[in-house]
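Here is what each chain is made of, one letter per residue.
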Protein chains: 2
Amino acid sequence: MIWQIVGFGAAFLTMFGFLPQVIKIYKTKSVGDISILALFQFVIGILLWLLYGLHLRNAVIILANSVTLAILIVGVTLYFRYRKKK
Amino acid sequence: MIWQIVGFGAAFLTMFGFLPQVIKIYKTKSVGDISILALFQFVIGILLWLLYGLHLRNAVIILANSVTLAILIVGVTLYFRYRKKK
């Protein structure tokens, strides 16, 4: 029971881990210190996790990585929007 | 075989996902656009993944999350070092 909570907490926190960063970018419209290489590396990595989850037919891997990928795509979109404004 | 590569690639890319961001912070000494909330959320989330991996005695979960946690701790340390310099 306690370990289910630990596992669920781990999945929940990391799944939404980029959300505060994306909210900060949205609010400040500033991305100068953000590493787009890190964002791209996560996009490709999470995409591979998603494919792997689909292969394993593991609902938890599919769901968690779909959420993270969606948040990352918003982040990358905002990055290019606000980088252009300089 | 192809799916092992996909899984390995996914683990490798996300495990080192924060490395380009930490290198950028180290080079620019600028962290104004970084969300410390996101970093903290990942530290706690990855710490829970590590505990969960220890509970499951799963070497892959333990190794991947130890590496990510180490990189994140460097990132958080640099964040506070360079935030103070303003």
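Heads up: the structure comes first, above all this text.
Basis of the calculations
- Residues numbered from 1 in each chain as written.
- Chains lettered and ligands numbered in written order.
- Predicted model: local features only at pLDDT ≥ 70, side-chain atom pairs only at ≥ 80, totals over all residues.
- Heavy atoms only, no water.
- Helix = DSSP H or I, 4+ residues; strand = E, 2+ residues; numbered from the N terminus.
- Contact = heavy atoms within 4.5 Å.
- Areas by Shrake-Rupley, 256 points an atom, 1.4 Å probe, with all protein chains shown as cover.
- Buried area = accessible area lost by both parts, 1.4 Å probe.
- Salt bridge = Lys/Arg side-chain N within 4 Å of Asp/Glu carboxyl O.
- Polar contact = N/O pair within 3.5 Å; in protein donor to acceptor, adjacent residues only side chain to side chain.
- Buried < 20%, exposed > 50% of the residue type's maximum accessible area, 1.4 Å probe, protein only.
- Least-squares fit on C-alpha atoms with pLDDT ≥ 70 in both.
- Patch = residues over 30% accessible without salt bridge, like charges linked within 9 Å, V, L, I, M, F, W, Y side chains within 5 Å.
- Axes fitted to C-alpha atoms, helices over the stretch in contact; angles between N-to-C directions.
- Left-handed = near helix turned anticlockwise from the far one by under 90°.
- Nonpolar A, V, L, I, M, F, W, Y, C, P; charged D, E, K, R; others polar.

> Is there a simple way to explain the overall build of chain A in this structure?
Looking only at helices and strands, chain A features four helices and zero strands. Overall, chain A shows an N-to-C arrangement of helices and strands of α-α-α-α. Here the contacts in chain A between residues at least 6 apart in sequence split such that 71% fall between residues at least 24 apart. Total accessible area on chain A stands at roughly 5,000 Å², and carbon and sulfur atoms take up 72% of it.

> Where do I start with the interface of chain A and chain B in this structure?
Note on interface size: it is often stated as the accessible area lost on association of the parts. Taken together, the contacts link 32 residues of chain A with 32 residues of chain B. Approximately 3,000 Å² of surface area, both sides summed, lies buried where chain A meets chain B, with 70% of it carried by carbon and sulfur atoms. The largest share of the area that chain A buries against chain B comes from Trp3(A), Asp33(A) and Gln41(A), three residues that together contribute 22% of it. Linking chain A with chain B are zero salt bridges, by the criterion used here. Counting every contact that joins chain A to chain B gives 19 residue pairs in polar contact (both at pLDDT 80 or more). Those elements giving two or more residues to the side of chain A that touches chain B turn out to be α1 (2-15), α2 (19-28) and α3 (36-56) of chain A. In terms of residue count, the dominant contributor to the side of chain A that touches chain B is α3(A) (12 residues).

> Whenever I open this one, the side chain of Gln41(A) confuses me. Can you help?
Positionally, Gln41(A) belongs in helix α3. Here Gln41(A) falls in the buried class, since its relative accessible area comes to 17%. There is a polar contact of 3.1 Å between the side chain of Gln41(A) and the backbone oxygen of Leu13(B). Every residue in contact with Gln41(A), bar those within four places of it in the chain, is listed here: Leu13(B), Phe16(B), Gly17(B) and Pro20(B).

> I'm lost on the environment of Gln21(B) in this one. Help?
Inspection of the secondary structure puts Gln21(B) in helix α2 (residues 19-28). Here the alpha-carbon distance between Gln21(B) and Ile62(B), two residues 41 residues apart in the chain, equals 22 Å. Ignoring sequence-local partners within four residues, the contact set of Gln21(B) consists of Asp33(A), Ile34(A), Ser35(A), Ala38(A) and Ile34(B).

> Would you mind going over the relation of the copies chain A and chain B with me for this structure?
Superposition of the two copies of the chain requires a rotation about an axis and a shift along the axis. The transformation that overlays chain A on chain B combines an axial shift of 0.0 Å with a rotation of 180°, and the residual RMSD is 0.0 Å. Considering both components of the superposition, the chain copies are consistent with a two-fold axis. Among all residues of chain A, the one whose C-alpha sits closest to the rotation axis is Asp33(A), at a distance of 2.7 Å. A shared interface surface links the copies, since 100% of the contact residues of chain A are contact residues in chain B too.

> Whenever I open this one, a nonpolar patch on the surface confuses me. Can you help?
On the surface, a nonpolar cluster with roughly 370 Å² of combined accessible area is contributed by Ile2(A), Trp3(A), Leu51(B) and Leu54(B). Those elements that provide at least two residues to the nonpolar patch are α1 of chain A together with α3 (36-56) of chain B. By relative accessible area, Trp3(A) is classed as partly exposed at 31%.

> I tried to follow the packing of α3(A) against helix α1 (residues 2-15) of chain B on my own but got confused; where do I start?
Angle between the axes and distance between the axes: these two values describe a pair of packed helices. Put simply, α3(A) and α1(B) touch, their axes get as near as 8 Å, and they point 145° apart. α1(B) is crossed by α3(A), and the crossing has left-handed handedness. Touching Gln41(A), Phe42(A), Ile44(A), Gly45(A), Ile46(A), Leu48(A), Trp49(A), Leu51(A), Tyr52(A) and His55(A) of α3(A) are Trp3(B), Val6(B), Gly7(B), Gly9(B), Ala10(B), Ala11(B), Leu13(B) and Thr14(B), all from α1(B). Grouping the constituent residues of the contact of α3(A) with α1(B) by class yields 12 nonpolar, six polar and no charged.

> When you look at α2(A) in this model, what are you seeing that I'm missing?
Residues spaced three or four apart along an α-helix point in a common direction, a consequence of the helix completing one turn every 3.6 residues. Within α2(A) the residues assigned to the buried category are Pro20(A), Gln21(A), Val22(A) and Ile25(A). Where α2(A) terminates, the next one or two residues include Lys29(A), which has phi positive at roughly 55°.

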